[in-house]
Amino acid sequence: MPNTKLVLVSHHLCPYVQRAAITLAEKGALFEIRYVDLSAKPDWFLAISPLGKVPLLIVRENDGVESVLFESAAICEYLEETQPGPRLHPADPLARARHRGWMEFGSSILSDLWGFETAKDEETYEAKRKALTDKFARVETELKDGPFFSGEAFSLVDAVFAPIFRYFEVFDTITPTGVFDGLRRVAAWRAELALRQSVRDAVTHDYADRLKIFLVNHDAWLLKRAA
């Protein structure tokens, strides 16, 4: 669909948006990006976002007809099916289904990560830290020789986990979390993804500053722990 115009509706910190941005870049797709303030959602955004969330992908055909896709998994699957460039899902149906399962596992990590970064007391912080550590330990058993999730080829699973690891690039500058201690394969995977151009370009240059402001605004225990 080379003549289709794509507009990604985004928020600067949203990891789900980053999945879509990474997928678009890996596919070599041309797209525009439009940022919204989720604390003051504009009317045009609420009119087209069924859940009031990002990402959205506006798909504009040559005849002017527009369709809006929501939910990052649906957007990434659409891009995989319609855009040229390298395949980001395995060809084998069983392997593809397993990849989709691990993408959902990544979403479950993001749920724990939200609790971790917004924890206001030590007890909640430690509970969420343990949940993250346990889940990444499970990922460690799944990884092989790398450099990516399933070997040499970058996949949608990598697009899901790269924004998760990005959080820790910022957290690590504040205080050690210990989440990846002893996880050699996860650490190597994390380092490889951080070097990927599509991953680096999925956020603006001030991402770290914005995330630190978010932590301050949420009275995060992570900051108190570092004090």
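Refer to the structure above for everything that follows.
As the structure is a prediction and not an experimental result, all values here were calculated from the model.

**Here's the deal with unusual backbone geometry**
Turning to step 1, where the next piece is worked out: With an omega of 5°, the peptide bond between Val-54 and Pro-55 qualifies as cis.
Turning to step 2, where the next piece is worked out: One can find Pro-55 in the loop between α2 (43-48) and β3 (56-60).
Turning to step 3, where the next piece is worked out: Gly-146 connects to Pro-147 through a cis peptide bond whose omega is 10°.
Turning to step 4, where the next piece is worked out: Positive phi, normally seen in glycine, also occurs at Glu-71, with a value near 80°.
Turning to step 5, where the next piece is worked out: Looking at the element boundaries, Glu-71 is found in the loop between β4 (66-70) and α3 (72-82).
Turning to step 6, where the next piece is worked out: A relative accessible area of 37% means that Glu-71 is categorised as partly exposed.
Turning to step 7, where the next piece is worked out: Located in the positive-phi region is Asp-219, a residue other than glycine, with phi close to 50°.
Turning to step 8, where the next piece is worked out: Counting through the fold element by element, Asp-219 comes out in the loop between α9 (207-217) and α10 (221-226).
Turning to step 9, where the next piece is worked out: Under the relative-accessibility criterion, Asp-219 is labelled partly exposed at 40%.

**What to know about the state of the cysteines**
Turning to step 1, where the next piece is worked out: Counting across every chain of the model gives zero disulfides.
Turning to step 2, where the next piece is worked out: For the unlinked cysteine Cys-14, the closest cysteine sulfur is that of Cys-76, found at 11 Å.
Turning to step 3, where the next piece is worked out: Here Cys-14 falls in the buried class, since its relative accessible area comes to 12%.

**Considerations on the packing of helix α4 (residues 93-118) against helix α6 (residues 156-174)**
Turning to step 1, where the next piece is worked out: Axis separation between α4 and α6 bottoms out at 8 Å; the angle between their running directions is 20°. Accordingly, the angle class assigned to the pair α4 and α6 is roughly parallel. Once α4 is placed against α6, the crossing between them reads as left-handed. Listed contacts from α6 to His-99, Trp-102, Met-103, Phe-105, Gly-106, Ile-109, Leu-110, Leu-113, Phe-116 and Glu-117 of α4 are Leu-156, Val-157, Val-160, Phe-161, Ile-164, Tyr-167, Phe-168 and Phe-171.
Turning to step 2, where the next piece is worked out: Across the contact of α4 with α6, the residue classes tally to 15 nonpolar, two polar and one charged.

**Quick word on the side chain of Glu-142**
Turning to step 1, where the next piece is worked out: On the secondary structure map, Glu-142 appears in helix α5 (residues 122-142).
Turning to step 2, where the next piece is worked out: Of the residues examined, Glu-142 reaches a relative accessible area of 14% and is grouped as buried.
Turning to step 3, where the next piece is worked out: In contact with Glu-142, not counting residues within four places along its chain, are Arg-98, Trp-102 and Phe-149.

**A word on the nonpolar core**
Turning to step 1, where the next piece is worked out: Of all hydrophobic cores here, the largest spans 66 residues; its most connected members are Leu-113, Phe-136, Phe-161, Phe-168, Phe-171 and Trp-189.
Turning to step 2, where the next piece is worked out: When residues of this core are assigned to their parent elements, the largest contribution, 12 residues, is made by α6.
Turning to step 3, where the next piece is worked out: In this structure, Phe-168 is in contact with Leu-113, Phe-116, Leu-132, Phe-136, Thr-177, Val-179, Phe-180 and Arg-190, ignoring residues within four places of it in sequence.

**Topic: the packing of helix α1 (residues 15-27) against α6**
Turning to step 1, where the next piece is worked out: Remark: α1 packs on α6, axes separated minimally by 9 Å, with the N-to-C direction vectors making an angle of 135°. Here α1 is positioned oblique relative to α6, judged by the angle of their axes. Crossing handedness for the pair α1 and α6: right-handed. Side by side, α1 and α6 meet where Pro-15, Gln-18, Arg-19, Ile-22 and Thr-23 of the first sit next to Leu-156, Ala-159, Val-160, Ala-162, Pro-163, Arg-166 and Tyr-167 of the second.
Turning to step 2, where the next piece is worked out: When the residues that make up the contact of α1 with α6 are grouped by side-chain class, the tally is eight nonpolar, two polar and two charged.

Cut-offs and rules
Residues numbered from 1 in each chain as written. Predicted model: local features only at pLDDT ≥ 70, side-chain atom pairs only at ≥ 80, totals over all residues. Heavy atoms only, no water. Helix = DSSP H or I, 4+ residues; strand = E, 2+ residues; numbered from the N terminus. Buried < 20%, exposed > 50% of the residue type's maximum accessible area, 1.4 Å probe, protein only. Disulfide = S-S within 2.5 Å. Axes fitted to C-alpha atoms, helices over the stretch in contact; angles between N-to-C directions. Parallel < 35°, antiparallel > 145°, perpendicular 65-115°, else oblique. Left-handed = near helix turned anticlockwise from the far one by under 90°. Contact = heavy atoms within 4.5 Å. Nonpolar A, V, L, I, M, F, W, Y, C, P; charged D, E, K, R; others polar. Core = buried A, V, L, I, M, F, W, Y, C linked by side-chain atoms within 4.5 Å.

These figures come from the coordinates and say nothing about function on their own.
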